[in-house]
Amino acid sequence: DSAPDVDDNFSVQRFDFNPQFSYPITIAPWLSFTPTLGLRETIYTKGLDTTNNNQRLDFFTRESFNISVDLEGPRFEKIFKFNNKIIPKAKHLIEPRIRYNFTPDIDEIDRAKIKVFDGIDTINRQSTITYSLTQRILQKERETSKEEREKGVDFNTRESLRFDISQTLDLIELTGSKDSENKRPFTNVRFDLDSRLHDNLEFNFDSTFDIYDKTIKTFNAELGLKPVDSLYLYLQRRYTKDSTTFYVGTIDWSFAKGWRLQGSARYDALAGVSRENNLSLNYDNPCKCWGLKFDVIDRINLAESLGDERETKYLFTLTLRGVGDFRTGVKQKLIHREFQSIR
């Protein structure tokens, strides 16, 4: 409709103001209590008039608030001493947490006015308790950085492992009527591990377990290994029950001075097909004044018009530092995973 008073695209301006105020209270060295109050004011230049066949409604506002309370502790810890000059000791921490979160239901009249675009527009009623148990390992390590040693820093302390177990209880659903559609007030139990016991070794995973169906819903894991300075290996597996299972792998090899070879693949185990393969050959001249890169991309094109056909692209880039880049084709995002040092 080309009439000037009709807005086919529903162009609207929104201003959202959401300050939060919290006050941590230390009850004991091993126990803390933190209440938080969040206030929200959202201004819309336009909305829907449900009383007039969803015609345009001019300027209106919506108000809401949120209350959360965090109880952290009691914390338990134990220090382990090793007869080791590199890692002389480590600390094991156990930290239970409980959080209560409450958001009231906004007025139904305001809800009907809002044209929903994202999560800010949908403030749902909430009353939940989330409980978690976190275990951490902090290890004291001899400093290997020359700069830090020159400053007189011989050791540093870092978190080498964190393991979380958490679950949420929906109090609204728990105390709801017998006619409630969702009779499962407990969410899936979530397990989350992040570890970096050594700079050259990383292992992380997260998983969710359905306590009602007694089954693993998701399981994602990644392993990174750098056995020598010139080689990095990475493998990732992502699994969602009855949905997807993906494997992603990367080999990153600096086989000669200035030369670097990277190869990555993404395999869809559920469909039994390789979704994408990337190969990159890089040369960075030791003078640091120029470099070149050659990329090969073999993947399934997800464009609907192409019907999921495979495509192969060859890209070449020449870099003259201080001058710029000369490249063939459009710059592409590759699936290579690169090593990130914690030093």
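The structure this text deals with has already been given above.
This one's a predicted model, so the numbers in the text were calculated from it and none came from an experiment.

**A word on the overall build of the protein**
Then, in step 1: Per the secondary structure count, the protein includes three helices and 19 strands.
Then, in step 2: The 343 residues of the protein split such that 29% are buried.
Then, in step 3: Sequence-distant contacts in the protein: of pairs separated by 6 or more residues, those separated by 24 or more amount to 47%.
Then, in step 4: By element, 56% of the accessible surface of the protein is carried by carbon and sulfur atoms, the whole surface being about 22100 Å².

**Digging into the pairing of strand β17 (residues 290-300)**
Then, in step 1: Where strand β16 (residues 273-284) lies against β17, nine bridges are found, and the strand directions are antiparallel. Within β17, the position partnered with Leu281 by the bridge is Phe294.
Then, in step 2: Hairpin connection of β16 to β17: five residues between the antiparallel strands, including Lys288 at a positive phi of 60°.
Then, in step 3: Both β17 and strand β18 (residues 310-320) contribute to a ladder of 11 bridges, which runs antiparallel. Across the sheet, Phe294 pairs through a bridge with Phe316, a residue of β18.

**Let's talk about a nonpolar patch on the surface**
Then, in step 1: A contiguous nonpolar surface patch, about 750 Å² in accessible area, is contributed by Leu201, Phe203, Leu223, Leu225, Leu233, Ile251, Trp253, Phe255 and Trp259.
Then, in step 2: When residues in the nonpolar patch are grouped by element, the largest group, three residues, is from strand β14 (residues 244-256).
Then, in step 3: As for its placement among the helices and strands, Leu225 is situated in strand β12 (residues 215-228).

**Comments concerning the pattern of salt bridges**
Then, in step 1: Counted according to the given criterion, the structure contains 33 salt bridges.
Then, in step 2: Close ionic contact of Asp118 with Arg14 constitutes a salt bridge, the shortest N to O distance being 3.0 Å. Placement of the pair is Asp118 in the loop between α1 (108-113) and β8 (126-142) and Arg14 in strand β1 (residues 14-17), with a sequence separation of 104 residues.
Then, in step 3: The class for Asp118 is partly exposed, based on a relative accessible area of 35%.
Then, in step 4: For Arg14, a relative accessible area of 34% translates into the label partly exposed.
Then, in step 5: The partner of Arg40 in a salt bridge is Asp16, with the nearest N and O atoms 2.8 Å apart. Separated by 24 residues along the polypeptide, Arg40 in strand β4 (residues 31-49) and Asp16 in strand β1 bring together distant segments of the chain.
Then, in step 6: By relative accessible area, which is 25% here, Asp16 ends up partly exposed.
Then, in step 7: The network of salt bridges with shared partners includes Glu72, Arg75, Glu95, Arg97, Arg136 and Glu159.

About the thresholds
Residues numbered from 1 in each chain as written. Predicted model: local features only at pLDDT ≥ 70, side-chain atom pairs only at ≥ 80, totals over all residues. Heavy atoms only, no water. Helix = DSSP H or I, 4+ residues; strand = E, 2+ residues; numbered from the N terminus. Buried < 20%, exposed > 50% of the residue type's maximum accessible area, 1.4 Å probe, protein only. Contact = heavy atoms within 4.5 Å. Areas by Shrake-Rupley, 256 points an atom, 1.4 Å probe, with all protein chains shown as cover. Pairing = 2+ DSSP bridges. Patch = residues over 30% accessible without salt bridge, like charges linked within 9 Å, V, L, I, M, F, W, Y side chains within 5 Å. Salt bridge = Lys/Arg side-chain N within 4 Å of Asp/Glu carboxyl O.

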